[in-house]
Amino acid sequence: MNWLELLSNEAEHGLSRGEPMYARIMAGIRHAIQSGQLADNSRLPTNRELATLLKVDRSTISRAYLELSQSGLIDSHVGRGTYVRPTAMRQQSGAAARVSNDSQISWTEKFSDASRACADLVARQPDSVEQDGLISFAGGLPTEEFFPNSQFKRIVVELMESDYSAEMFGYSAAEGSPYLRTQVKRHLSQQGVSCNDDELLIVSGSQQGIDLVTDVFVNPDDTVLLEDPSYFWAICNFRARQARCIPVSLDDEGLRLEQLESLMSRQKAKLLYVMPNFQNPTGSTMSLTRRMALIDLALKYQVPILEDNFVGDLIYDGGALPPLISLPGGKDVVIHQGTFSKALCPGLRLGWLVAPRAVTARLLLAKRTSDLSTNSIAQIILARYLEEGLYAQHLEHVRSNYRARRDAMLNALTSQFPLQSTETLKLTWSKPDGGLFIWAKLPSGLSARELLVFAESQGVSFSPGDMFFVNGGNSEYFRLCFIQTDPSVIEKGIERLAKAVRSYFETVARSNLLEISSRARVRNNVLI
């Protein structure tokens with residue numbers, strides 16, 4: 001039995017137990033090289049080939065190969081493949097490493113459990129692709145064409161000549177600039193959210209908001225409940241704090257409350273993390289009935305809710321639903337957060353947290369230990385932008401454009417994947433009322449990661465859905481972002497996606513036929 005068969009057999013019998021999977025794969029290949037099973041200059045399987053054999057993500061193989069390359073055991077060449085490094089070269093690099101290591105720390109051994117947990121989750125992400133003409137539906141950021149360049153330029157010049165210039169270049173208060181806090185409170189009041197000064201904290205984007213809340217509430221082994229699927233970097237944050245992340249499935253109206261109550265009655269949860277508006281990655285919106293019932297459940301079982309309203313301003317159809325914190329009882333159990341990153345521009349890194357007074361005081365302490373205070377220059381510029389009513393004008397502009405882009409993607413999907421597609425080879429997708437994403441689904445048993453290989457060969461990419469599920473799996477889902485490209489490019493990208501889907505379905509069909517034929521031959525041989 002060769003080294004590849006041994007590695008495959010180990011995978012079948014629990015390769016993922018114990019050490020991280022990439023480390024076990026790396027150890028197996030290292031042993032094969034050092035024992036001579038893999039000779040000098042032997043060609044290793046591609047990332048995809050080995051990932052398929054071992055039934056793991058390509059990113060896991062990529063990480064193992066990267067570590068082996070950094071150890072001097074293999075060499076990778078773009079377009080040529082990956083090969084075992086000749087023994088003489090390994091010995092030279094090993095001798096140099098030994099000399100160097102005499103005076104260097106072994107950094108890998110020093111990494112924290114939080115860092116290891118985060119790195120293992122990040123390994124779920126697919127390899128980045130650099131390809132001319134690639135149309136990407138994978139991200140989730142506004143594009144440069146909608147950035148407020150000219151308005152910010154004017155505001156900066158005016159502020160530099162005003163009384164605010166000194167405030168811009170000094171530390172702001174840890175809770176945020178009074179100027180910006182006044183404007184944010186006005187913005188929130190338009191959404192039905194009222195708060196006092198000691199209930200509002202300005203943060204460096206919604207990711208810091210999540211991190212501060214986790215810091216204040218979550219100890220190792222505490223239970224955090226969250227939507228499944230959910231925001232990838234929130235999952236990373238909770239897992240890095242060694243929380244027990246328990247998923248709660250979704251339907252068209254949001255969290256399944258029967259499942260949630262069952263979990264709350266059996267688990268002493270420290271926190272529930274939700275995105276009621278245009279959820280990431282599904283794009284779904286929690287119904288008003290479901291929101292009110294959720295507040296009742298949280299109060300009944302005394303579980304704080306972190307409400308992430310990251311794209312609440314990007315609504316295209318229907319009316320805005322009230323935030324959880326504005327509903328009866330909401331202020332007693334909800335920590336509400338929002339950001340200007342998605343609707344305006346991500347470089348500002350500005351958002352907010354609204355919470356009960358006692359909670360805000362603790363969040364403020366956590367922020368001081370994290371970064372002392374938020375960027376003063378950005379806060380003053382944004383405050384003036386809000387005060388002049390420019391954000392409201394900007395929202396009208398981007399809502400119109402993003403609605404057109406969403407409609408272009410939905411129309412292109414309908415055109416390229418007609419309803420008469422057979423049930424066994426049918427693509428389905430969501431129809432969000434706002435936000436950034438469309439959530440698509442392949443037939444059960446198929447893999448979006450496998451489809452991604454075909455898609456990239458056609459010049460289009462997306463985010464595979466399994467990375468958004470708390471415990472992985474659900475490989476048939478994938479996420480499409482519609483705000484980053486104009487309608488004509490979207491149409492071209494969906495056309496490429498349709499070609500990729502057809503090629504993938506044909507490959508799967510041929511594979512199934514070959515498997516059926518192979519089984520038939522085996523049965524015939526047995527009968528003979």
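Positions within a chain are numbered from 1, following the residues in the order the chain's sequence is written. Per-residue local features are limited, in this predicted model, to residues with pLDDT of at least 70; the limit for side-chain atom pairs, both in listing and counting, is 80 or more; totals at the level of whole chains, interfaces and linings are taken over all residues. Neither water nor hydrogens contribute to the side-chain values; these are computed over all heavy atoms in the structure.

A.B. asks: Go over the packing of helix H13 (residues 257–266) against helix H14 (residues 288–301) with me, naming the residues and quoting the values.
C.D. replies: Angles here are taken between N-to-C directions and fall from 0 to 180 degrees, while the axes themselves are lines fitted to C-alpha atoms, restricted in helices to the stretch in contact. Each helix corresponds to a stretch of at least 4 residues labelled H or I by DSSP, and each strand to a stretch of at least 2 residues labelled E; elements are numbered beginning at the N terminus. The N-to-C vectors of H13 and H14 enclose an angle of 5°; their axes lie 11 Å apart at closest approach. The orientation of H13 relative to H14 falls into the category roughly parallel. Every residue of H14 that contacts H13 at Leu257, Leu260, Glu261, Met264 and Ser265 is listed here: Arg290, Ala293, Leu294, Leu297, Ala298, Lys300 and Tyr301. Only Asp, Glu, Lys and Arg are considered charged in this grouping, and only Ala, Val, Leu, Ile, Met, Phe, Trp, Tyr, Cys and Pro are considered nonpolar; every other residue, Gly among them, is considered polar. Across the contact of H13 with H14, the residue classes tally to eight nonpolar, one polar and three charged. Roughly parallel refers to an angle under 35 degrees, roughly antiparallel to one over 145, roughly perpendicular to one between 65 and 115, and oblique to any angle outside these ranges. Only heavy atoms matter for contacts: two residues are in contact if any of them lie within 4.5 Å across the pair.

A.B. asks: Break down the sheet that holds strand E11 (residues 334–339) for me, with residues and values.
C.D. replies: On the basis of which strands lie adjacent, the open sheet formed by eight strands has the order E5-E12-E11-E10-E9-E6-E7-E8 and mixed pairing. Sheet topology places strand E5 (200–203) and strand E8 (254–255) at the edges, where each strand pairs with a single neighbour. As defined by bridge partners, strand E7 (residues 244–251) adjoins E8 across two bridges and the pair is classed as antiparallel. Opposite aspartate 251, over in E8, you have glycine 254 as the bridge partner. Where H13 meets the sheet, it contacts strand E6 (223–228), E7, E8 and strand E9 (269–274), and its direction lies at approximately 160° from that of E7. The pairing criterion is simple: DSSP has to find at least two bridges between the two strands.

A.B. asks: I'd love a proper account of the nonpolar core, names of residues and values included.
C.D. replies: Nonpolar cores were defined as sets of buried Ala, Val, Leu, Ile, Met, Phe, Trp, Tyr and Cys residues, with membership established by side-chain atoms within 4.5 Å. Note on exposure labels: buried denotes an accessible area under 20% of the residue type's maximum, exposed denotes more than 50%, and partly exposed covers the range between, all computed with a 1.4 Å probe on protein chains only. Ranked by size, the top nonpolar core spans 136 residues in total, and within it Phe238, Leu255, Leu260, Leu272 and Phe478 carry the most contacts. With 10 residues, helix H18 (residues 390–416) is the largest single contributor of residues to this core. Excluding anything up to four places from it in sequence, leucine 272 contacts Leu225, Leu226, Leu255, Leu260, Met264, Leu294, Val303, Pro304, Ile305 and Leu306. One finds Ile25, Met26, Ile29 and Leu38 within the second-largest nonpolar core, a separate group that totals 22 residues.

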